[in-house]
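Residue-level structural notes
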Amino acid sequence: MTDATFSRRSFLTGAAALGSLAAVGAMAGCSPKQPGAAEQDVAADGPAGTAGSAADDAWLGKAPEISDADCVETVDVDVLVVGAGTSGYFAACAAAENGAKTLLIEKAGNGNGVRSSALGAVNSRFQQEVGEAAAINPMEIMNDMDRYADGQIHSALYRKWAENSGEAIDWYADVIAKDGLEVQLEWNMPKGTFYKDWPTGHGTNGRDGAGYTEREPQVSECLNNYLTSFDGCEIRFETPMRSLIMEDGKVVGVYAEGKDGMIRINAAKGVVVATGGYAYNQDMYQALQPTRYSCLGTLDAFPSCTGDGIKALMWAGAQMDAVHTSLTFNRCLLTADQDIATPYEIGGDSYGYFFFASQPFLRVDPHGARFHNESAPYDYVFGATSKRPAAERYWHQIWDGDWKTYVPIFHTVGCSTIYMQPEGGSDHDAFPGMLDEWIEPEMEAFVEAGFIQKADTLEELADKLGFTGDDKQVFLDTCAQQTENYEKGEDLQFGKEAFRLSALKTPPFYGSVKNCGLTLCTLDGIQVNDDLQPYGEDGNPIEGVYVVGNDQGSFYAGTYPNLAAGINAGRCATFGRMVGKMLAEK
C-alpha cells in the first residue's frame, strides 16, 4: 500500500485560576468475538450498562504491591503529570509557567503530542477575527452536546470548556508560533444541514508544509523545550506509572518505573492523570465495548494507551462511566477475505485508511439495502450496523464517475474535508487540487489492492461485490432509487439533505468491499466533579489527584459529536491547562 494511506494521520491520533476550577469557569464569561456474544452487547455498551465497576471486571486486576523499599530514587515536585499527550502537555506547561516545579512522565519513548488535525474551542481570537461566521453561543453548544449524550453527562463541564477553551488555544498558538508553527481555524460551515456543524476546529500547520508525520513531532519538540525551559521542570520518557500513592485517603504521589528501577514521586500540590484512555488494551476494550468492537476493522490509536491511568484510579476507589464510548471513524477498508471484529490483528498497510469514506455517498448493507442517513455523524453508522448479525457489521459505499462534482457540494467539515472551499476557511489539511492529486490516485490504489471494486455498469459492480439472487436485485433497485432521489431533490427513505444526494449514472462505478470502523481513542473514563477530581467510593472527591484527557469521564455517552470538530482534543487541551494553572496557584 502506498504512503498515501496514512498521509493525514499521525505515525503514532479565560481567567486566571483562583484555586478552584469552578472559579475559573465562573470568571471566564477498540480478538474477534465468540459466536453468540452479540446478544449481550447492549447491556454492556448501552445506557443501562454498568460494566466498569471494580468488583467484577477481570481486566482491572489488582494494584501492584510496591513500597518505598522497592525504590531506587525519590523525586519531590510540586506537580506531577502522567502522560505526554494533548492534555498532559497542556497541564505540565501551564503548571511550569505559573511557577510550579513540574515533572511530566510518559511510558513511551516520546510524547504522543498535541492532536494537530483540530483543537475544538469557543471564542478564540481566531474566531473573533472572523466574526459572526465563527461565533458560537456557549449555552447553545453545551445543550447540543448534552442532547447527543441523552443528558448522561456532566454538562457543566461543557460550559467550562466553552468558557475557557478560547484562552487555551490562544496560549497554544502563541507558544508554537515562536517555533514557526501556526494555528488555522476552519470557520466555513455548510448551510442547511440536519445535524448542526460548529466552527470549532483549530488545526495546526507544521513548518515547511509538514504533514501529520512531521508536524505533530514538531509540536512535541516545541512543547518539550518550552516545559524544560522553566527551572526545576523535567520530562522523563520510558517511565510508566505503576500505581498511585495514597496516605490518609489522599493521593500524594505515584510509583513509577524508570530505566534504573522503581521511583517514588511525591507531588506536593497534586497529581494529574492523563494517560490517554484504553484503546490499546484488548481485554478492557472487548469487555467494556463489545458492540463497538464488533464493528471495527482496526485501530488508529496510540499503542501506549492501555488504560493505566483509569485502572490506577479505580484501584484507589474512583468510579468509571457506566456508558462506554469511543471516538471511531467510518474510514477503514478491508478486503473480502478479511474479517471485521479483529481490530488488533489488522494493522500496518493491511487495511485501507480512506478519508473519502466519510463523504455522504450511498451506503448499503451486505444484502444490498440502504440502512441509514449517510449524512449523520461518523459513528452513527456503527449503531445501525450493530443491529445486524455479527458477521455482517460492515457496509459497501457506492459512488460513480461524477464523484468530483459531488464532493465540493457536500461540503463536509473537520477531518472529513477533502476539498478546499474557494471562499476560504477550509480545514487546514485541504489543499487546491486535492481530489486530483491525492484522493483519486489513492482510490485507484485501493482498487488495485482489492479494497474497492470498480466496474463499467452497476450490474457488473454488483457481481464484483458478491451480490447474488434477491440481494443483487435489491442492490440494483437501491441504486436506482438513489438516482431518483437525486433527480427529485428529496430523500424519501432517510431524509438526507438534498445537497448531499448523488446519482449513480456515470461510469465507472465504485464500491467499497468492506467498509467498517477504526477507533482513534476511547472516551469513557473516570467520573469527575467540576474541578476534574475523581469521585471516591463514598461520593466525595479523592483529594490530591485530577483527571484529564481520555482518562476523564463525564463528558460523553455513547457517541462522539464530531460535528463540533476537534472537541475532544479541545477539551483535553482546555482542561489540562486549567488544572495545571490551578495546581500551580495552590
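Residues numbered from 1 in each chain as written. Predicted model: local features only at pLDDT ≥ 70, side-chain atom pairs only at ≥ 80, totals over all residues. Heavy atoms only, no water.

When you go through the protein residue by residue, the secondary structure sums to 16 helices and 18 strands. The globule rule puts the C-alpha radius of gyration for 586 residues at 25 Å, and the 24 Å found for the protein is close to it. Viewed in the frame of its principal axes, the protein has a C-alpha envelope of about 70 × 55 × 40 Å. Within the structure as shown, the protein displays about 20700 Å² of accessible surface, and the carbon and sulfur contribution to it stands at 48%. (Helix = DSSP H or I, 4+ residues; strand = E, 2+ residues; numbered from the N terminus. Rg over C-alpha atoms; globule rule 2.2 N^0.38 Å. Areas by Shrake-Rupley, 256 points an atom, 1.4 Å probe, with all protein chains shown as cover.)

Per the counting criterion, the structure on display carries 32 aromatic pairs. Relative to Y378, the ring of F329 has its centre 5.1 Å away and its plane inclined at 80°; by these criteria the two rings are edge-to-face. Of the two residues, F329 sits in strand β11 (residues 326–334) while Y378 sits in the loop between β13 (362–364) and α11 (380–385), which places them 49 residues apart along the sequence. Residue F329 is classed as buried on the basis of its relative accessible area, which comes to 4%. Relative to Y406, the ring of F361 has its centre 6.3 Å away and its plane inclined at 80°; by these criteria the two rings are edge-to-face. Note that F361 is positioned in the loop between β12 (352–353) and β13 and Y406 in helix α12 (residues 403–410), a separation of 45 residues in sequence. Residues F361 and Y406 agree in their burial class; the two are buried. These aromatic residues form a ring-pair network of at least three members: F354, F356, F361, W399, W403, Y406, F410, F446, F451, Y486 and Y510. Over the ring of F329 we find R331, and its NZ or CZ is 4.0 Å from the ring centre. (Phe/Tyr/Trp six-rings, centres within 6.5 Å; stacked < 30°, edge-to-face > 60°. Buried < 20%, exposed > 50% of the residue type's maximum accessible area, 1.4 Å probe, protein only. Lys NZ or Arg CZ within 6 Å of the ring centre and 35° of its normal.)

Time to look at the state of the cysteines. Per the counting criterion, the structure on display carries zero disulfides. Note on C295: no disulfide assigned, nearest cysteine sulfur contributed by C516 at a separation of 9.0 Å. Given the relative accessible area of 0%, C295 is considered buried. (Disulfide = S-S within 2.5 Å.)

Further remarks concern the pattern of salt bridges. Counted by the stated rule, this structure contains 27 salt bridges. Salt-bridge contacts for D179 lead to R207; the nearest nitrogen and oxygen are separated by 3.5 Å. Residue D179 is found in the loop between α6 (156–177) and β4 (182–185), and its partner R207 is found in the loop between β5 (201–205) and α7 (212–228); the two are separated by 28 residues along the sequence. A residue is classified by how much of its surface remains accessible, and R207, at 27% relative accessible area, is partly exposed. (Salt bridge = Lys/Arg side-chain N within 4 Å of Asp/Glu carboxyl O.)

Turning our eyes to something else, we now look at the nonpolar core. Nonpolar side chains in soluble globular proteins tend to end up buried together. Ranked by internal contacts, the top residues of the largest apolar core, which has 144 residues, are L80, I265, V271, F356 and W403. Top contributing element to this core by residue count: α6, with 10 residues. Each residue touching L80, except ones within four places of it in the same chain, is listed here: L103, I105, V254, I265, A267, G270, V271 and V272. Counting residues in hydrophobic clusters, the runner-up holds 13 residues, among them I398, L465, F475 and C479. (Core = buried A, V, L, I, M, F, W, Y, C linked by side-chain atoms within 4.5 Å. Contact = heavy atoms within 4.5 Å.)

Where α12 is concerned, the buried positions are W403, Y406, V407, P408 and F410. Where α12 is buried, its residues touch β14 (396–399), α13 (434–449), α15 (469–488) and β16 (509–512).

Further remarks concern the UniProt feature "domain: FAD-dependent oxidoreductase 2 FAD-binding" (unreviewed entry) in the protein. Feature annotation in UniProt places "domain: FAD-dependent oxidoreductase 2 FAD-binding" (unreviewed entry) on residues 78–562, given in this structure's numbering. Along residues 78–562, the helical share is 30% and the strand share 19%, with 36 Å between the first and last C-alpha atoms. (UniProt positions renumbered as here; feature names shortened; annotations may be inferred.)

It is worth spelling out the packing of α6 against α7 at this point. Look at α6 against α7: their axes get within 10 Å of each other, and the N-to-C directions meet at 90°. Considered as vectors, α6 and α7 are oriented roughly perpendicular to each other. Contact residues: W171, Y172, V175 and I176 in α6; V219, C222, L223 and Y226 in α7. Counted by class, the contact of α6 with α7 contains eight nonpolar, no polar and no charged residues. (Axes fitted to C-alpha atoms, helices over the stretch in contact; angles between N-to-C directions. Parallel < 35°, antiparallel > 145°, perpendicular 65-115°, else oblique. Nonpolar A, V, L, I, M, F, W, Y, C, P; charged D, E, K, R; others polar.)

Here we take up the sheet that holds β16. Reading across from one edge, β13-β14-β16-β15 is the order of the four strands in this open sheet, with antiparallel pairing throughout. Sheet topology places β13 and β15 (452–455) at the edges, where each strand pairs with a single neighbour. In this sheet, adjacent strand axes meet at a mean angle of 25° when their direction is disregarded. Relative to β16, β14 runs antiparallel, the two being bridged by two bridges. Opposite W399, over in β16, you have Y510 as the bridge partner. Across the face of the sheet, α15 comes into contact with β13 and β14 while running at roughly 160° to β13. (Pairing = 2+ DSSP bridges.)

Along the chain, P507 connects to P508 via a cis peptide bond; the corresponding omega equals 0°. Here P508 is to be found in the loop between α15 and β16. Unusually for a residue other than glycine, A341 sits at a positive phi of about 65°. Its place among the elements puts A341 in the loop between β11 and β12. In this model, H411 sits at a positive phi of 50°, which is unusual for a non-glycine residue. H411 sits in the buried class, given a relative accessible area of 10%.

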